Amino acid sequence: MTFRRLARGLPILLALAPWPALADVTATYKAGIDRLTVEVADNGDARVQIDDVIYVRHGGEEYVTFGKFAGMAISGRRDDMLEFLRVMFRAAGKTPAPPAPAGAAPRLEPLGATDVLGLKGQIWRIWPAGKRDPADSIEAAFTDSPRLAPVNRALRSAATGFFDTFAPLDKRGRFSAALTAMAEKGAPLMIGDAKTVQLLAVNFGPIAPARFAVPKDLSSPEELRSIAREMEEKRQEEKRNWGETR
């Protein structure tokens, strides 16, 4: 291909390319009473934060920080932190709900188009796999705009695993079903209703690289197991003391 032919075709290639192809993006959501912030750099690094829980992807590695866990800040590699949470849930006597059958997908019913902050989207009624009662369903709006594709990927990366761990809190499986739908339908504009999850702002300004820094003082799997044991011993002691005072 000659330089002249390449020059003629360049505007077409740019028009077809997802925009913005090389830009940082920050999406801010209202999530109940909290703010959910998703930041993605043009190199793929990402940061997702809600309250004191922070997920960071840096250089292909993933980390999680709990800023106020039992009065302390704990950081570790994502898989180690997920195992720590699973241990804590088992110690507290909570067991995850049984997973949906392999390959089972939620049922989606289109409800209509929507527009949030200039982003075109589609509203869906979502039923978790095997559910038919309207009370078990949830409404959600998604956009397949390439502008929010990095946000969608970061949210799904951050949430994967945590929904399995916190399954007891998602008793009807509705939010887990919405997460599954995101893989096909795009980034969320709204989940549940405007009071549950709602996109508030999108910004394509540059993000300071320090936002994606690896957390300091990472706990090893052995240290996390030790913390879990200490917390379980404290919990058992409090139960005994409560029983003695009755």
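Further up the page is the structure itself.
Here the structure is a predicted model, which means the values were calculated and not measured. (Residues numbered from 1 in each chain as written. Predicted model: local features only at pLDDT ≥ 70, side-chain atom pairs only at ≥ 80, totals over all residues. Heavy atoms only, no water.)

Chemist: Can you walk me through the nonpolar core in this structure?
Modeler: Soluble, globular proteins show a tendency: their nonpolar side chains are buried together. In this structure, Tyr-29, Val-38, Phe-84 and Ile-126 are the most contacted members of the largest nonpolar core, which totals 50 residues. When neighbours within four sequence positions are excluded, Val-38 is seen to be in contact with Val-25, Thr-26, Ala-27, Tyr-29, Arg-47, Val-48, Val-151, Ala-154 and Leu-155. (Core = buried A, V, L, I, M, F, W, Y, C linked by side-chain atoms within 4.5 Å. Buried < 20%, exposed > 50% of the residue type's maximum accessible area, 1.4 Å probe, protein only. Contact = heavy atoms within 4.5 Å.)

Chemist: Just to check I follow, could you spell out the pairing of strand 5 (residues 61-69) for this structure?
Modeler: Where a strand is regular, its side chains alternate between the two sheet faces. As defined by bridge partners, strand 4 (residues 53-58) adjoins strand 5 across six bridges and the pair is classed as antiparallel. Its bridge partner lying in strand 5, His-58 is registered against Glu-61. With antiparallel pairing between neighbouring strands as the criterion, strand 4 and strand 5 make up a hairpin whose turn holds two residues, including Gly-59 at a positive phi of roughly 60°. The sheet contact formed by strand 5 and strand 6 (residues 72-77) spans five bridges and is antiparallel. Bridging from a neighbouring strand, Thr-65 pairs with Ser-75 of strand 6. (Pairing = 2+ DSSP bridges. Helix = DSSP H or I, 4+ residues; strand = E, 2+ residues; numbered from the N terminus.)

Chemist: Teacher, can you tell me more about the sheet that holds strand 3 (residues 46-50) here?
Modeler: Think of a sheet as strands paired side by side through backbone hydrogen bonds, with each pair either parallel or antiparallel. Pairing is antiparallel in the open sheet, where eleven strands are placed in the order 6-5-4-3-2-1-11-10-9-8-7. In this open sheet, the two strands that pair with only one neighbour each are strand 6 and strand 7 (107-116). Between one strand axis and the next, the sheet turns through 20° on average, direction left out of account. Running at roughly 115° to strand 2 (residues 34-40), helix 3 (residues 149-159) makes contact with strand 1 (25-31), strand 2, strand 3, strand 4, strand 5 and strand 10 (187-191) of the sheet. (Axes fitted to C-alpha atoms, helices over the stretch in contact; angles between N-to-C directions.)

Honestly, it's all geometry; don't read function into it.
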